Amino acid sequence: VKWADRLARIIIYHKPEGEIISRNDPEGRVSVFDKIALLKNKRFISIGRLDYNTSGLLIFTTSGELANHFTHPRYEVEREYSVRIYGNELTKEQIQELKTGIQLEDGMASCLEVMKLDSQDEDSKNHWYKIIIKEGRNREVRRMFEHFEVTVSRLMRTRFGPIALPPRLKRGQYYELNEMEVSQIMHKFGLNIAGT
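Let me sum up the structure you'll find in this document. (Residues numbered from 1 in each chain as written. Predicted model: local features only at pLDDT ≥ 70, side-chain atom pairs only at ≥ 80, totals over all residues. Heavy atoms only, no water.)

1. Thoughts on the overall build of the protein
Reasoning step 1: Across its full length, the protein carries six helices and eleven strands.
Reasoning step 2: Here the C-alpha atoms of the protein give a radius of gyration of 18 Å, agreeing with the 16 Å that 2.2 N^0.38 yields for 196 residues.
Reasoning step 3: Principal-axis analysis of the C-alpha atoms places the extent of the protein at approximately 60 × 35 × 35 Å.
Reasoning step 4: Going through the 196 residues of the protein one by one, you find that 44% of them count as buried. (Helix = DSSP H or I, 4+ residues; strand = E, 2+ residues; numbered from the N terminus. Rg over C-alpha atoms; globule rule 2.2 N^0.38 Å. Buried < 20%, exposed > 50% of the residue type's maximum accessible area, 1.4 Å probe, protein only.)

Next comes the structure, spelled out in structure tokens:
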């Protein structure tokens, strides 16, 4: 067995809006699996999901154990998003409620951090926030903002656990981590280099 065959592989992708994360779509929409030739290898699995209208960091790996460490609720891996809302800024009370918890139909959801990002245009109707959550339930971030009847006009995942979206990686581009980078990620999760 060659060393390279045993090494877990990790690909990071800057997903644009308008792509699904499925190998087969009855509606014939564009899939991330169509965009990355390396993913033709069926051993690659996606770590978590991003909905059709969400962009940002998407991770693929050949290690089921690594995927489990990223996504299983017991590991509480942080997910960081940039959220653009349209209309008024969030009030202090809304920010506090996001942190303490909002009752959704599938249970309580809360943010570890909610931070207003500087806007270049003070007259703009758009406001950007950085939020951090520890779960990845379906449309969780959007549903939390919908609780306040706030429109999310853009949603982008910028970090998932120890992996951040590199600024150089433009939308629609991907990058395969080298052996040293893979080993550092595995080490952070207490896994060996093959992902077990």
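Alright, that's what it looks like, and here's the rest.
2. What to know about the packing of aromatic side chains
Reasoning step 1: Inspection of the entire model under this criterion finds three aromatic pairs.
Reasoning step 2: Through a chain of ring-to-ring contacts, three or more aromatic side chains come together here, namely Phe 70, Phe 160 and Phe 189.
Reasoning step 3: Over the aromatic face of Tyr 52 sits the side chain of Arg 29, whose NZ or CZ is 5.3 Å from the ring centroid. (Phe/Tyr/Trp six-rings, centres within 6.5 Å; stacked < 30°, edge-to-face > 60°. Lys NZ or Arg CZ within 6 Å of the ring centre and 35° of its normal.)

3. Describing the side chain of Thr 54
Reasoning step 1: When you line up the elements, Thr 54 lands in the loop between strand S2 (45-47) and strand S3 (55-61).
Reasoning step 2: You can call Thr 54 buried: its relative accessible area is 2%.
Reasoning step 3: There is a polar contact of 2.6 Å between the side chain of Thr 54 and the side chain of Asp 51.
Reasoning step 4: Apart from residues lying up to four places away in sequence, Thr 54 is in contact with Lys 15, Pro 16, Glu 17, Arg 142 and Leu 155. (Polar contact = N/O pair within 3.5 Å; in protein donor to acceptor, adjacent residues only side chain to side chain. Contact = heavy atoms within 4.5 Å.)

4. With respect to the pairing of strand S1 (residues 10-15)
Reasoning step 1: For S1, the buried fraction is high: six of the six residues fall into the buried class.
Reasoning step 2: By the alternation rule, side chains of S1 split into Ile 10, Ile 12 and His 14 and Ile 11, Tyr 13 and Lys 15, which are all buried.
Reasoning step 3: Taken together, the six bridges between S1 and S3 define a ladder with antiparallel strand orientation. Pairing of Ile 12 across the sheet is with Ile 59, part of S3.
Reasoning step 4: Judged from the three bridges that link them, S1 and strand S11 (residues 174-176) form a sheet pairing that is antiparallel. (Pairing = 2+ DSSP bridges.)

5. Details of the environment of Met 115
Reasoning step 1: Within the secondary structure, Met 115 sits in strand S7 (residues 113-116).
Reasoning step 2: Leave out the neighbours within four places in its chain, and Met 115 touches Trp 128, Tyr 129 and Lys 130.

6. Points about the environment of Leu 165
Reasoning step 1: With respect to the secondary-structure elements, Leu 165 resides in the loop between strand S10 (163-164) and S11.
Reasoning step 2: The class for Leu 165 is buried, based on a relative accessible area of 14%.
Reasoning step 3: Remark: the alpha-carbon pair of Leu 165 and Gly 56, spanning 109 residues in sequence, is separated by 7.3 Å.
Reasoning step 4: Residues contacting Leu 165, with those up to four places away along its chain left out, are Tyr 13, His 14, Gly 56, Leu 57, Met 156, Arg 157 and Thr 158.

7. Structural notes on the environment of Leu 98
Reasoning step 1: Mapped onto the elements of the fold, Leu 98 is located in helix H4 (residues 92-100).
Reasoning step 2: The class of Leu 98 is buried, set by a relative accessible area of 0%.
Reasoning step 3: Separated by 19 residues in sequence, Leu 98 and Leu 117 place their C-alpha atoms 16 Å apart.

8. Examining the nonpolar core
Reasoning step 1: Phe 60, Val 83, Leu 98, Ile 131 and Phe 145 are the most contacted members of the largest nonpolar core, which has 31 residues in total.
Reasoning step 2: Counting residues per element, the ones that place at least two in this core are S1, helix H2 (32-35), S3, strand S4 (79-86), strand S5 (102-104), strand S8 (126-133), helix H5 (140-146) and strand S9 (151-160).
Reasoning step 3: Those residues in contact with Phe 145, other than ones at most four positions away along the chain, are Val 83, Ile 85, Leu 90, Leu 98, Ile 131, Val 150 and Val 152.
Reasoning step 4: Counting 22 residues, the second largest nonpolar core, distinct from the first, contains Ile 10, Ile 47, Met 156 and Leu 177. (Core = buried A, V, L, I, M, F, W, Y, C linked by side-chain atoms within 4.5 Å.)

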